[in-house]
Amino acid sequence: MAFIPALLWLLFMLFAKEGTGESMIELGSWLSPKGNHSSWASSSGHFAFGFYPQGNGFAVGIWLVSGSPPEKTIVWTANRDSPPLSHNYTLNLTKTGLWLFQSGRGGQVLISSVDAVVSSASMLDSGNFVLYNDTHHTVVWQSFDEPTDTILGGQNLSSGGKLVSSVSRSDHSSGRYFLIMQFGGNLVAYPKNSPASAGDAYWSSNTWASTFRHLSLNVSGFLCLTGDDVLRCFYNSISPGKKSHNTSSIYRATLEVNGNLRLYEHQFEASGSSHVQELWSTSLETCQIKGVCGFNRYCSNVTGHAVCECFPGFVPSKSSGNLSLDCILAHSKDGCQSSKEPTILYNITQLENVYWDDESNTPYSVVPMKKEECRKSFLEDCDCMAVLYSDGNCNKYRLPLTYGRKVQNASNVAFFKMLSGIVLSPTPNNSKPKPKVAVDNKTSLIMILAFTLGFISLLSLVFAVSIFFTYKRKVYRYSTLSTSENLRFAEDCSLRSFSFDELVKSTRGFTEEIGRGSFGAVYRGITGDSNRSIAVKRLERIVDEGEREFRTEITAIARTHHRNLVKLIGFCINGSRKLLVYEYVSNGSLASLLFNAGQLNKLVKEDEEGVDWMILERMVKVGLWCVQDDPPLRPSIKNVILTLEGLKDIPIPPSPAHLAK
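Residues numbered from 1 in each chain as written. Predicted model: local features only at pLDDT ≥ 70, side-chain atom pairs only at ≥ 80, totals over all residues. Heavy atoms only, no water.

K.L.:
Quick one: what's the story with the pattern of salt bridges, residue by residue and with numbers?
P.N.:
Taken as a whole, this structure holds 5 salt bridges when the rule is applied. Where Lys396 meets Asp381, a salt bridge forms, and the shortest distance between an N and an O atom there is 3.4 Å. Note that Lys396 is positioned in strand β33 (residues 393-397) and Asp381 in the loop between α3 (371-380) and β32 (386-390), a separation of 15 residues in sequence. Neither Lys396 nor Asp381 differs from the other in exposure class; each is buried. Here Arg496 ties to Glu502 by a salt bridge, and the two come within 2.5 Å at their closest N and O atoms. Overall, the relative accessible area of 25% leaves Arg496 in the partly exposed class. (Salt bridge = Lys/Arg side-chain N within 4 Å of Asp/Glu carboxyl O. Helix = DSSP H or I, 4+ residues; strand = E, 2+ residues; numbered from the N terminus. Buried < 20%, exposed > 50% of the residue type's maximum accessible area, 1.4 Å probe, protein only.)

This is the structure we're talking about:
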C-alpha cells in the first residue's frame, strides 16, 4: 500500500506550480477607483488586482470572478485593517513599489515595501500579484507570501503563517478566528483574541511533533500538509468526478467568517459559464467553535439555531460587540465578603446539560461530595461564582467562564448564585429558563423613593419657573425705566462714564468757562443725545491716586442726595486727566451771588419777609467752608448733611483766599 502515498506525492509535486500565465504592468501605470481604470486583470481574466468597494469607501485587493451570474470573490486584501480609501486616491507602480497618492495632499502611503528597485509587475493567472526588479523577472514581492484569509492553488501557508477570517462577506478586515501552521507541524484554529493555548483551540490536525512545514494547495486541488518527504492530505482529487475536457478549475481554501476552513473548486467552461462547489471543510457546528459566545455565556443549538445566552445571575455587558457580547455579574461580590451570614444573601439556581472544559477553565477546587453538600459549600464560599457538578465531584470556578456550551443528555449540572428574591421557575431541559422576580418589601421602599424624588423634582421645576418669570419682570421694568422720557433714559438713575473725546465735543473744546474752583475750572456743555445742559469740572490739582480709588469716591458722592447740593451725573478718566460732570444750574453759583454783590439779600429776589434767614445763613456758612483753599479745612459730606439739616452747629468760616482777592 506504500504505492498510494508515493503516487500522491508525485501528483502533488507535478501540479504544484502550474497556472503562471501573466500580463505585464509597466512602471508608471496607475489605478483609480473612479472610472474604468480601476484594476489590472490577469491574462485569463479570472483574477484582477485593484480597487473594490468596502464600507463607505474602497480597499485594494485581489479577487476571483466566477459563478453565474459572475461574482467577485475577494481572495487577498492589502492593509486589510486600515480605514476605507476615498474615491480621490490613485495607486501608482513606482521604482520603490506600490504607492497610494491622495489628490490635494503630499502624503504617501506604501502598499508594498521592497528593498530592490522595481521594474514591472504582473497579475498572474494563479491569483498571485508579483513585483519584478529586472528583465529576468526576479520576484521581489508577491501577495502569496502575505495571505489574508485564503490560499490559492500553488500557494503555501508556511510554518508560523496565519489565515485570519474576515468580519463578514462584505467586510474583509480581520475577523474573529485564525488558523496557524505551528512550527511543531500542527495546524490549529483559535479564536482571534484568545491566548492560543491548548484549551482555546477548537480544531486541530493533530499532527504534533511532526516534520510538516506547510499547508499546501496545489493547482489540482490537493490540500495537504507537506514536509520533508511526508504528505498528509485533507482532500485530494486522485479519483475525480466527471469533468469535461474543456473545463478548467481554480481551487481556493478559505477560513470562513464562522471559523470553518473550506476548500472550493471554481470550474470554468469553454463556453464562458462557470460554477462553484465545496469540496471539503472542517464541518464544525457553530457551538463547537470556541469564541462564538463571549465571557460568562453559553452556546445552545437545541432549537436548531445557535443562540448565545448569559449564565443565570449574569447580564449582557454593553461595552462589547453584538454576537460575542460578554456578560457580567448582575450583583456585587462585596456584600458576601462583608456579611456574617453569606448563605442568606443568595439563592442557588441550577442549569442542566451545560459544561465548559477544564483546559480553558481550571477549577480552583475539586472535592468529591454529594450534590446537596456541594450546593451548601457553594453558598458559603464568597470566592466561588460558579460550580460544575460532574461525576460526583464539586468543581468550583472563578470568573470569567469561557466557551460554555449546552448539550442534550449531558450529565453535568451547573450551579449559580442569584440574589435573594430572584428565583428561576422550573423549565424543561429543552427550553430556556426564564427569570421570575419575587416581590418583597423592597417594592414599597422603591415606591417611596420614587415619590420623594418626583416631589423634589416638581418643587425644583416650580422654583426655576418662578425665578425665570421674576427675572423677566425685572428686565421689563428696567427696560421701561430706561426708555422713560421723564427720567431721560439712564442719565438721572446712575453714574455715567464719559469718554474724554465726548466731553471735548460737548463743551466745544472747553471754551465756555462758567466758574473756577480750587481744583480747576468749570465749563458749560451739552450732552449729545438729550441736548441736556451740563457743567464739566476739569480737575487740575487733584492728589494722584489709583483709578479704582477715584471711582469709589465719586460713586459715594453720586449716592449723596440733597435738595441744596448740585447732583453729580458722571465722570471721565483718561490717563492722568480726570473730569466730573454735574447738572447745570442756570441761576449761577452761591459764591457769585454772595461775593459779587456783598449782600445776603441778593439771594432773595422778592418778599424778604418770607425768608428764613437762619437757614440761609447756615447754607452760606456751609458753602464758605466747602470752598476753602486748604483741603483739611473742608467738611466731610457727612458733616455737610448734618449741618444743613440743623443737627450740628457750624462756626463762622474764614474768608477763602481766592474769594477775598
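Moving on, there is more to tell.
K.L.:
Describe the sheet that holds strand β15 (residues 162-166), with residues and values.
P.N.:
Spatial strand order, β15-β16-β17-β18: 4 strands in an open sheet with antiparallel pairing. Pairing within the sheet leaves two strands with one partner each, and these edge strands are β15 and β18 (203-204). Inspection of the sheet shows strand β17 (residues 187-191) paired to β18 by 2 bridges, in the antiparallel sense. Among the inter-strand pairings, Val188 is bridged to a residue of β18, identified as Ser204. (Pairing = 2+ DSSP bridges.)

K.L.:
With reference to specific residues and values, describe the pairing of strand β41 (residues 533-539).
P.N.:
With 5 of 7 residues buried, β41 is to be regarded as a mostly interior element. Sheet topology note: the strand β40 (residues 520-526)/β41 ladder contains 5 bridges and is antiparallel. Looking at β41, one finds that Arg524 is bridged to Ala535. Here 6 bridges tie β41 to strand β43 (residues 577-583), and the two strands are oriented antiparallel to one another. Bridging across to β43, Arg538 finds its partner in Leu579.

K.L.:
Outline the packing of aromatic side chains, listing residues and values.
P.N.:
Overall, the coordinates contain 18 aromatic pairs when judged by the stated rule. Clustering of aromatic rings is evident, with ring pairs tying together Trp40, Phe49, Trp76, Phe129 and Trp141. The ring of Tyr346 carries the charged tip of Lys417 above its face, separated from the ring centre by 5.5 Å. Over the face of the ring belonging to Phe500 we find Arg577, whose NZ or CZ atom lies 3.9 Å from the ring centre. (Phe/Tyr/Trp six-rings, centres within 6.5 Å; stacked < 30°, edge-to-face > 60°. Lys NZ or Arg CZ within 6 Å of the ring centre and 35° of its normal.)

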